[in-house]
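Fold and contact review
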Amino acid sequence: MQSMDSASALLPDTAPHARAHDRLRTSKPLRVLVALDVQPERNGLATYWGDLAHWLRGEGFDVALLCAAASATAPECMPLEAFARVPLLGDGTQTVSFPRPRAVAAALRAFRPSVVVVPAPGPVAIGLVLAARRDGIPVVACLHNDFASLVRGLFPRPLGWLVEPPLLAIEGFIVNRSTVVTAPGARHAQRVTERFGVAAREIATPLGGEFCGPVSVRPLHPIRRVLYAGRLSPEKNLAALLDAANDHADLEFLIVGAGPAEQHLRDAAPANVEFRPWQERSAVRRLLDESDVVVLPSTVETFGTAALEAMARAKIVAVSPACGIATLMRDGVDGLVLRRGETLSDRLRSARALSAGDLATIGARARLRSIAYSRQCVSEWLDLLVDAAR
């Protein structure tokens with residue numbers, strides 16, 4: 001094992017976000033209430049807001065995640081009592097919770113936010129938008145998901161035609177009542193702009209503090225273990241990973257997560273593929289550190305937080321061009337982006353041909369790139385929230 005800091009003097013070993021933006025500080029801390037209609041830490045949206053809440057609190061903001069999920073026990077969560085829970089659309093391993101009537105408005109009055117943020121359509125989001133508008137509190141929409149594309153991948157066409165319009169209508173309801181509209185990544189921001197006729201502002205993605213600490217890793221050469229960590233669903237295109245496992249029988253492949261495609265993947269997987277259930281984030285970080293290549297071959301992926309976390313751990317990260325994070329990565333410089341007509345198996349083969357020095361350099365640059373991007377995210381949100389609250 002070697003220290004990543006010794007392997008590259010370029011890598012920072014300090015906290016990833018300096019305490020900047022003194023001009024934004026006021027005598028009265030900004031209070032931000034975020035609607036969370038998903039289970040904490042079970043997907044990229046919840047991870048995004050848990051991480052961002054941590055960094056904003058470090059900058060003097062008071063941030064709470066308003067959530068009715070049974071698992072809303074984290075310190076940053078402001079729990080709501082739910083009267084019903086139903087399976088998440090297209091994924092029975094997660095649920096959507098419906099808060100009791102007037103609970104959202106009561107929480108708004110109790111927290112007294114300067115601004116509210118709505119990341120996705122759902123019962124808590126709708127209630128918070130209505131309550132905030134009634135009380136004259138500015139609303140920031142941050143649309144994380146491309147529901148139109150997700151619906152087409154999850155449901156057969158007749159059912160998709162029924163599911164897609166209500167989701168887009170709820171998103172439109174939120175957008176039309178927001179002071180500012182944002183979306184993670186350039187491509188998705190452009191989609192939102194075109195779909196709803198608003199100027200959606202591109203926003204970056206934060207890292208969790210546990211992924212930014214010093215890295216001690218085994219050498220990446222020779223490549224021995226390939227990891228996927230995330231939801232097991234059709235749009236993740238994990239058939240490409242199974243094909244790669246068949247072609248590279250001498251490598252270990254690890255799939256970590258849960259979702260509607262899990263049983264199908266287990267049935268089709270060759271012997272060199274191991275499955276593990278959804279893991280706490282500290283365990284995911286350890287698995288990243290024990291792996292050499294992390295893959296995200298999705299056909300629909302507005303960004304790809306798991307790939308950003310892997311970059312922060314100085315791993316070789318291979319993503320499809322459909323992933324929003326592909327626009328952040330420089331192919332062959334700080335990551336690998338599959339080219340037109342190239343399979344994941346093909347790209348693994350070319351990665352295995354790289355020298356130990358080349359792999360170490362790509363990993364080191366990936367870490368630099370991801371941490372700088374996370375700093376950018378916090379800086380953007382500091383500016384945006386203060387401006388919205390004025």
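Refer to the preceding data block for the structure.
Let me begin by describing the structure that accompanies this report. No experiment lies behind these values; they were computed from the predicted model shown. (Residues numbered from 1 in each chain as written. Predicted model: local features only at pLDDT ≥ 70, side-chain atom pairs only at ≥ 80, totals over all residues. Heavy atoms only, no water.)

Overview of the overall build of the protein chain
Scanning the protein chain from N- to C-terminus turns up 14 helices and 17 strands. Split into buried and exposed, the 390 residues of the protein chain put 56% on the buried side. Pairs at least 24 residues apart make up 69% of the contacts formed inside the protein chain by residues separated by at least 6 positions. (Helix = DSSP H or I, 4+ residues; strand = E, 2+ residues; numbered from the N terminus. Buried < 20%, exposed > 50% of the residue type's maximum accessible area, 1.4 Å probe, protein only. Contact = heavy atoms within 4.5 Å.)

So, the pairing of strand 9 (residues 180-184)
Of all five residues making up strand 9, four are buried, and the element is well covered by its neighbours. Where strand 9 meets strand 10 (residues 201-203), three bridges bridge the pair, whose relative direction is parallel. For Thr182, the partnering residue across the bridge sits in strand 10 and is Arg201. Crossover handedness for the path strand 9 to helix 7 (residues 186-196) to strand 10: right-handed. (Pairing = 2+ DSSP bridges. Right-handed = clockwise from strand over helix to strand, strands pointing away.)

Quick word on the sheet that holds strand 8 (residues 139-142)
Strand order across the open sheet formed by seven strands is 4-3-2-7-8-9-10, with parallel pairing between neighbours. Pairing within the sheet leaves two strands with one partner each, and these edge strands are strand 4 (77-79) and strand 10. Shown here is a sheet whose adjacent strand axes are inclined to one another by a mean of 30°, direction ignored. As defined by bridge partners, strand 8 adjoins strand 9 across three bridges and the pair is classed as parallel. Looking across to strand 9, one finds that Cys142 is bridged to Thr182. Against the sheet, helix 2 (residues 44-58) makes contact with strand 2 (31-36), strand 3 (62-67), strand 7 (115-118), strand 8 and strand 10, and its axis sits at roughly 155° relative to strand 3, the strand it touches most. Packed on one face of the sheet, helix 7 meets strand 9 and strand 10 and runs near 140° to strand 9. (Axes fitted to C-alpha atoms, helices over the stretch in contact; angles between N-to-C directions.)

Observations concerning the pattern of salt bridges
Should their charged atoms come close, side chains of opposite charge can pair. Tallying each qualifying case throughout the model produces 22 salt bridges. A salt bridge links Asp146 to Arg191, with the nearest nitrogen and oxygen atoms 3.5 Å apart. Pair noted here: Asp146 is in the loop between strand 8 and helix 5 (147-154) and Arg191 is in helix 7, with a separation of 45 residues, a long-range link. Using a relative accessible area of 3% as the deciding quantity, one classes Asp146 as buried. Within the structure, one salt-bridge network assembled from shared partners comprises Asp51, Glu210, Arg281 and Glu309. (Salt bridge = Lys/Arg side-chain N within 4 Å of Asp/Glu carboxyl O.)

Points about the environment of Gln39
One can find Gln39 in the loop between strand 2 and helix 2. Residues Gln39 and Ala68 lie 29 residues apart in sequence; the distance between their C-alpha atoms is 8.6 Å.

What about the environment of Pro79?
Topologically, Pro79 is positioned in strand 4. The spatial distance from the C-alpha of Pro79 to the C-alpha of Ala69 is 7.5 Å, given a sequence separation of 10 residues.

Considering the nonpolar core
Of all hydrophobic cores here, the largest spans 92 residues; its most connected members are Trp49, Val319, Ile325 and Trp381. The residues touching Val319, leaving out its near neighbours within four places in the chain, are Leu296, Ala307, Ile325, Ala326, Met329, Leu336, Val337 and Leu338. Ranked by size, the runner-up nonpolar core spans 33 residues in total, among them Ala82, Leu108, Val129 and Ala132. (Core = buried A, V, L, I, M, F, W, Y, C linked by side-chain atoms within 4.5 Å.)

Focus: the side chain of Asp146
A distance of 3.1 Å separates polar atoms of two side chains, one belonging to Asp146 and the other to Arg195. With near-sequence residues (within four places) excluded, Asp146 lies in contact with His188, Arg191, Arg195 and Thr302. (Polar contact = N/O pair within 3.5 Å; in protein donor to acceptor, adjacent residues only side chain to side chain.)

Looking at empty space enclosed by the protein
Counted according to the given criterion, the structure contains one cavity of 30 Å³ or more. There is about 40 Å³ of room inside the largest cavity. In terms of lining residues, the largest cavity is bounded by Leu36, Asp37, Val38, Cys67, Ala68, Ala69, Thr95, Val96, Ser97 and Val124. Tallying contributions element by element places strand 6 (residues 91-99) first for the lining of the largest cavity, with three residues. (1 Å grid on protein atoms, 1.4 Å probe; cavity = no way out; pocket = protein on both sides within 12 Å on 5 of 7 lines; lining within 4 Å. Points joined across faces, edges and corners; volume = space filled by probe spheres on them.)

So, the packing of aromatic side chains
If you walk through the whole model with that rule in mind, you get four aromatic pairs. Judged by centre distance (5.1 Å) and plane angle (70°), the rings of Trp49 and Trp381 are edge-to-face. You can see Trp49 sitting in helix 2 and its partner Trp381 sitting in helix 14 (residues 356-389), a full 332 residues away along the chain. Given the relative accessible area of 2%, Trp49 is considered buried. With a centroid separation of 6.3 Å and an interplanar angle of 55°, the aromatic rings of Phe83 and Phe98 are classed as tilted. (Phe/Tyr/Trp six-rings, centres within 6.5 Å; stacked < 30°, edge-to-face > 60°.)

A few points about the sheet that holds strand 14 (residues 273-276)
Spatially, 14-13-12-15-16-17 is the arrangement adopted by the six strands of the open sheet, whose pairing is parallel. For this open sheet the edge positions go to strand 14 and strand 17 (336-337), each flanked by a neighbour on one side alone. The pairing of strand 16 (residues 316-319) with strand 17 spans two bridges and is classified as parallel. Across the sheet, Val319 pairs through a bridge with Val337, a residue of strand 17. Contacts from helix 9 (residues 239-247) reach strand 12 (225-229), strand 13 (252-256), strand 14 and strand 15 (293-296) within the one sheet, and its direction differs from that of strand 13 by about 160°.

Brief notes about the pairing of strand 15
The alternating pattern of strand 15 places Val293 and Val295 and Val294 and Leu296 on opposite faces, both of which are buried. Pairing of strand 12 with strand 15, which is carried by two bridges, proceeds in the parallel orientation. Residue pairing in the sheet places Val226 in a bridge with Val293 of strand 15. For strand 15 and strand 16, the ladder comprises four bridges, and the chain directions are parallel. Residue pairing in the sheet places Val293 in a bridge with Ile316 of strand 16.

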